[in-house]
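Residue-level structure breakdown
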Amino acid sequence: MDGERIFLLRLYSDHPYGSKRLRGSWLLYATILLSCFGFSLVGYDNGLMGGFINGRQFNRVFNYPHPSLLSTVVAIYEVGGCVGAVGISFIGDRIGRRQSIALGAIVMIIGAILQASAYQLPQMFVGRIISGIAIGIINSTVPILQAEVSPKATRGLYVAMYCSTLNLGIVTAYWLDFGLSYVDSEFAWRFPTAFQIVYVLAILWLTVMVPESPRWLTAHGMHDDAVSVLAALVNREIDDPDVVQQYEEIVETVIMESAEGSGSWSDFYKSDGLQSCRRLWTAIAVQVFQQLGGINAIIYYATTLFQQSIGFSPKMAGLMSGLLQTWMFIASFIPWFLIDRIGRKPLMLGGIFVEGAVMAVQTALIYQIQYRTGIEHSAAIGAAAMLFLFESAFTVGMQSTGWVYPSEILPLRLRAKGSAISTAANWISNFIVVEITPPAIENIGYRTYTIFTILNACFLPIVWFWFKETKSLSLEEVDLLFADEHALEMYRVVVDRELSDQEEQNKDDGVEYFEQASTSSRAVF
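What counts as what
- Residues numbered from 1 in each chain as written.
- Predicted model: local features only at pLDDT ≥ 70, side-chain atom pairs only at ≥ 80, totals over all residues.
- Heavy atoms only, no water.
- Helix = DSSP H or I, 4+ residues; strand = E, 2+ residues; numbered from the N terminus.
- Contact = heavy atoms within 4.5 Å.
- Areas by Shrake-Rupley, 256 points an atom, 1.4 Å probe, with all protein chains shown as cover.
- pLDDT = per-residue confidence, 0-100.
- Buried < 20%, exposed > 50% of the residue type's maximum accessible area, 1.4 Å probe, protein only.
- Core = buried A, V, L, I, M, F, W, Y, C linked by side-chain atoms within 4.5 Å.
- Salt bridge = Lys/Arg side-chain N within 4 Å of Asp/Glu carboxyl O.
- Expected span 1.5 Å × (residues − 1).
- Axes fitted to C-alpha atoms, helices over the stretch in contact; angles between N-to-C directions.
- Parallel < 35°, antiparallel > 145°, perpendicular 65-115°, else oblique.
- Left-handed = near helix turned anticlockwise from the far one by under 90°.
- Nonpolar A, V, L, I, M, F, W, Y, C, P; charged D, E, K, R; others polar.
- Phe/Tyr/Trp six-rings, centres within 6.5 Å; stacked < 30°, edge-to-face > 60°.
- Lys NZ or Arg CZ within 6 Å of the ring centre and 35° of its normal.

A short note on the overall build of the protein chain
Per the secondary structure count, the protein chain includes 24 helices and zero strands. Intrachain contacts of the protein chain at a sequence separation of at least 6 include 83% that bridge at least 24 residues. For the protein chain, the computed accessible surface area is about 20,200 Å², with 65% contributed by carbon and sulfur atoms.

See the structure below:
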């Protein structure tokens, strides 16, 4: 533990409850704000290069590289994201959620500086990879911290909020790129690239202000700190009955999960009573479905789609791309009112269905444009409208649920590792889409949209039969949702024994945290 406590800054480990001046709602709001900046940075990076990758200001510096090379410049970022997500899985559980986010922010500054100062493509490649690693670390950790400190009744709402800021980041990047496209100098792309650092500085400041996850603290034996964080989050004393009850539930879950395994990688492949393997594959599936549905073919290459598929002029394509991402940001407020009311599963099913239907219609419309039929003009208008409808379906159905669901269903002892692997799957899927979209549009034209139609059709039955609803459940109750009878029986026995031992051990110290746990654990069953 001593080695973990001196990682990066002692400030994080010595003050696990964050700023002492923030308590209650303000402390929760600070955590939400951290998540919002983290995902706004993800969105900004997603939209950044799409606005200037084809511009003469950028291409002139790098001697007008081949389009396939430019595609790789964009897509290599996704490879870095995968590396970052997988890499943090090996140390994330040891150093905690806040330090993981801070590490990602520091790495991001290095990547942004390398990109903004590049005069050769190799340096741009390295900068893109490093920035991708940083984003992979940040966006595999932020959802975990948010889920582990949020009340169960509004957990989905808070995820929907930071997904809205992700879309705001995309909008900011697109409009900044569009406005600077009229500047005929390197500033047109160097300034937007360096602007990432503004987000990073905000993230670093907020990692000092927010608390460490009480569930992570409990799992690592820091019980006093965990209780202090729980009390600070609700602005109550540490002996408040609600604080004690919530803490006891977390302790019981830690005990149950410890009985199933140590939290090593091999636990994912064991046939345990908590269905850890199934839960990992479900988390991976929702992240893959989110990307292979086709959303980043639109976000990254909206300008390309408007120009090559629909036939708009470069300036009109840039304007339409900005309007498209602005609409996506506006539509992202809709899940705020739905995700904790109708649940995760119905939203995913509805979103995937509409996405598939839109791609099917888009196939027919792009066919009319590609072969210049008599309804070419009307088809172009319809195709543009379909892009807006697709982004609406994605934002309402898959965006928020794609991030909240994995962090909810993964068991505590494997949450950091599982979130990292599912996020890595997201990045790999993202890379595939971003890499193949330009050549696909160039070589097979309208059939590109058929691919996404078929993929979305395949996703529907998997979500229907495989996914479980987690709406209004605490993270501890989600464990019980997946537990089989053997695990529940073992849970009763282990919890009663452990709590009895703890009561005896703490009598001399006057510690009463576990006083009512045996009774409450039996009451659950």
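Comments concerning the confidence of the model for the protein chain
Confidence along the protein chain averages 82 in pLDDT terms, with 84% of residues attaining 70 or more. Low pLDDT, under 50, characterises residues 1-11; the predicted model gives this stretch 20 contacts beyond four residues in sequence or across chains. The low-confidence segment residues 510-525 (pLDDT under 50) makes 33 contacts with residues lying over four places distant or belonging to another chain.

Topic: unusual backbone geometry
Excluding glycine, most residues fall at negative phi; most peptide bonds, likewise, are trans. Here the phi dihedral of Asn63 falls at roughly 60°; this positive angle occurs in a residue that is not glycine. Counting through the fold element by element, Asn63 comes out in the loop between helix H4 (56-61) and helix H5 (67-95). Judged by its relative accessible area of 64%, Asn63 is exposed. In this structure, Asn235 is a non-glycine residue whose phi angle is positive, near 60°. Assignment of secondary structure puts Asn235 in the loop between helix H12 (223-234) and helix H13 (241-260).

A short note on the nonpolar core
In terms of nonpolar packing, the biggest core is built from 84 residues, with Leu41, Met49, Phe58, Phe62 and Met124 touching the most fellow members. Ignoring any residue separated from it by four or fewer positions in sequence, one finds Met49 in contact with Phe58, Val73, Val74 and Arg128. Membership of the second largest hydrophobic core comes to 48 residues, among which are Ala285, Leu324, Met348 and Ile369.

Brief notes about the pattern of salt bridges
With the rule as written, the count across this model stands at 14 salt bridges. Arg97 serves as the salt-bridge partner of Glu148, at 3.0 Å between the closest nitrogen and oxygen. Taken as a pair, Glu148 in helix H7 (residues 121-149) and Arg97 in helix H6 (residues 97-116) lie far apart in primary sequence, 51 residues in all. Taken individually, Glu148 and Arg97 each receive the classification buried, so the pair is uniform in this respect. Across the pair Arg236 and Asp242 runs a salt bridge whose closest N-O atoms are separated by 2.5 Å. For Asp242, a relative accessible area of 44% gives the class partly exposed. Salt bridges linked by common partners bring Asp93, Arg97, Glu148, Arg415 and Lys417 together as one network.

A word on helix H18 (residues 344-370)
Compared with the 39 Å implied by 1.5 Å per residue over 27 residues, the 38 Å span of H18 between its first and last C-alpha is a close match. Phi turns positive one or two residues past the end of H18, at Arg372, with a value near 45°.

As for the packing of helix H14 (residues 276-292) against helix H19 (residues 376-409)
In the contact formed by H14 and H19, the axes pass within 9 Å of each other and the chain directions differ by 155°. By the angle between their axes, H14 is roughly antiparallel relative to H19. Of the two elements, H14 crosses H19, and the hand of that crossing is left-handed. Residue-level contacts link Arg279, Thr282, Ala283, Val286, Gln287, Phe289 and Gln290 of H14 to Phe394, Met398, Gln399, Thr401, Gly402, Trp403, Tyr405, Pro406 and Ile409 of H19. Partitioning the contact of H14 with H19 into residue classes produces nine nonpolar, six polar and one charged.

Description of the packing of aromatic side chains
Per the counting criterion, the structure on display carries 23 aromatic pairs. Measuring from ring centre to ring centre gives 5.0 Å for Phe39 and Trp403, while their planes differ by 85°; the resulting arrangement is edge-to-face. In this pair, Phe39 sits in helix H3 (residues 25-48) while Trp403 sits in helix H19, placing the two residues 364 residues apart along the sequence. Here Phe39 matches Trp403 in class, with each residue buried. Taken together, a centroid distance of 5.2 Å and an interplanar angle of 70° make the contact between Phe329 and Phe333 edge-to-face. Among the aromatic side chains, those forming a connected cluster through ring pairs are Tyr44, Phe187, Phe191, Phe195 and Tyr199. Its end group placed over the ring of Trp464, Lys345 keeps NZ or CZ at 6.0 Å from the ring centre. Above the ring of Phe482, the side-chain terminus of Lys468 is found at 5.0 Å from the ring centroid.

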